[in-house]
Amino acid sequence: MKLGIVGLPNVGKSTLFNSLTKAGAESANYPFCTIDPNVGIVPVPDERLKLLGDMYHSKKVTNAVIEFVDIAGLVKGASKGEGLGNQFLSNIREVDAIVHVVRCFEDANVVHVDGSVDPLRDIETINLELIFSDIEILERRIAKTAKGARMDKTLAKELNLLERVKAHLEKGELAITFEIDDEDEQAWFAEYNLLTAKPVIFAANVSEDDLADDGASNGQVEKVREYAAKQGSEVFVICAQIEQEIAELDDDEKAMFLEDLGLKESGLEKLIKASYKLLGLISYLTAGEDETRAWTIKVGTKAPQAAGKIHSDFERGFIKAEVVNYKDLLELGSLAAAREKGLVGMEGKDYVVQDGDVILFRFNV
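Now for a quick tour of the structure. (Residues numbered from 1 in each chain as written. Predicted model: local features only at pLDDT ≥ 70, side-chain atom pairs only at ≥ 80, totals over all residues. Heavy atoms only, no water.)

Spatial ordering of the open sheet is given by β2-β4-β1-β5-β6-β7, a layout of 6 strands whose pairing is mixed. Across the chains shown, the open sheet's two edge strands, defined by having one partner strand only, are β2 (38-43) and β7 (234-238). The average angle at which neighbouring strand axes cross in this sheet is 25°, direction not considered. Inspection of the sheet shows strand β1 (residues 2-6) paired to strand β4 (residues 65-70) by 4 bridges, in the parallel sense. Within the sheet, the bridge partner assigned to G4 lies in β4 and is V69. Sitting on the sheet, helix α3 (residues 119-149) is in contact with β1, β5 (97-103) and β6 (200-205), with an inclination near 145° to β5. (Pairing = 2+ DSSP bridges. Helix = DSSP H or I, 4+ residues; strand = E, 2+ residues; numbered from the N terminus. Axes fitted to C-alpha atoms, helices over the stretch in contact; angles between N-to-C directions. Contact = heavy atoms within 4.5 Å.)

Structure follows, in structure tokens:
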């Protein structure tokens, strides 16, 4: 899974990126200090893996991973060359979802690029820049497609789609709200890789005082939540500064620190839950002496396709999947014991894999 982090300068974007990835991206109280896209690979915390790894005495435990791409703070006019943001919008065209960091804290020591804290105005500024960038992509495609559209019905059909999507964006609407039923049009639309067609998770960045009640007493956070609900987006509340402090601690210290703050989970864990929910993802597990590992798949994935995540041969030669829930496996202490209790299912090609399934695939190629 790949997530792109966007936001105005000085909203806590690079501070959040640093805390998530411990990558040490430059972070300072002035616009445009991030001038290269920073990329960080982060393991997805998963207690199930550690427990299964201990049970099997696995030589290696491999978490699922998320790749974060952090780009320079965008400002009004970024798509037209203002600031540095327009150079980096291309870096987030390949992401699965966008994490939009929104400032919901007051601090006289941290300048706001527009002079005051107003998350809805900030969201609108970023959305417009993403829309302008998408329109530019569409205009290039229109120019290319129009040349052959007179002589080719397929190109004429695509040109019609391009012009409709462009008109939709020009009204200030996001591409994700553009409705398509036709299969050809859906395939073309996916090819365009429009930024405003990507699902969004809003990271409401608050002060430490607003963390314990998850931003409930912060009116700015409430505005973001109301906006996100209308858009079908996810919201999670963080204090980027606190996240950076947490990132420096080991697991035991981290747990104590979170407890002192009255928190059950870190911002990274909140973000992962929000992104898995938004993108419709789950993890199944494989476990053994050599390796215990998590594999990320879409909700509704059937056993052969899940097997294909490990290797294409597993999908091609799929015979059966031996499936047990991780809780049952841990409780009984071995696959053999789970089999004796009748808790291991031999599943075929139509089995829909569930979150937390521990699977042993049988295949022949």
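What follows continues from the structure just given.
This structure, assessed with the given rule, holds 5 aromatic pairs. Pairing F178 with F189 gives two aromatic rings, centres 6.2 Å apart and planes at 15°, and the pair type is stacked. Here F189 lies in helix α5 (residues 183-192) and F178 lies in the loop between α4 (153-170) and α5, a separation of 11 residues in the sequence. Given a relative accessible area of 14%, F178 falls into the buried group. (Phe/Tyr/Trp six-rings, centres within 6.5 Å; stacked < 30°, edge-to-face > 60°. Buried < 20%, exposed > 50% of the residue type's maximum accessible area, 1.4 Å probe, protein only.)

Counted under the stated rule, the structure contains 26 salt bridges. Salt-bridge contacts for K50 lead to D54; the nearest nitrogen and oxygen are separated by 3.1 Å. With K50 and D54 both in helix α2 (residues 47-56), this residue pair falls 4 residues apart, about one helical turn. Given a relative accessible area of 48%, K50 falls into the partly exposed group. For the salt bridge of E136 with R140, the shortest nitrogen-to-oxygen distance reads 3.0 Å. Of this pair, E136 and R140 both sit in helix α3, separated by 4 residues, roughly a single helical turn. Given a relative accessible area of 33%, E136 falls into the partly exposed group. On the accessibility criterion, R140 (51% relative accessible area) is exposed. Because the salt bridges share partners, they merge into one network encompassing D46, R48 and D355. (Salt bridge = Lys/Arg side-chain N within 4 Å of Asp/Glu carboxyl O.)

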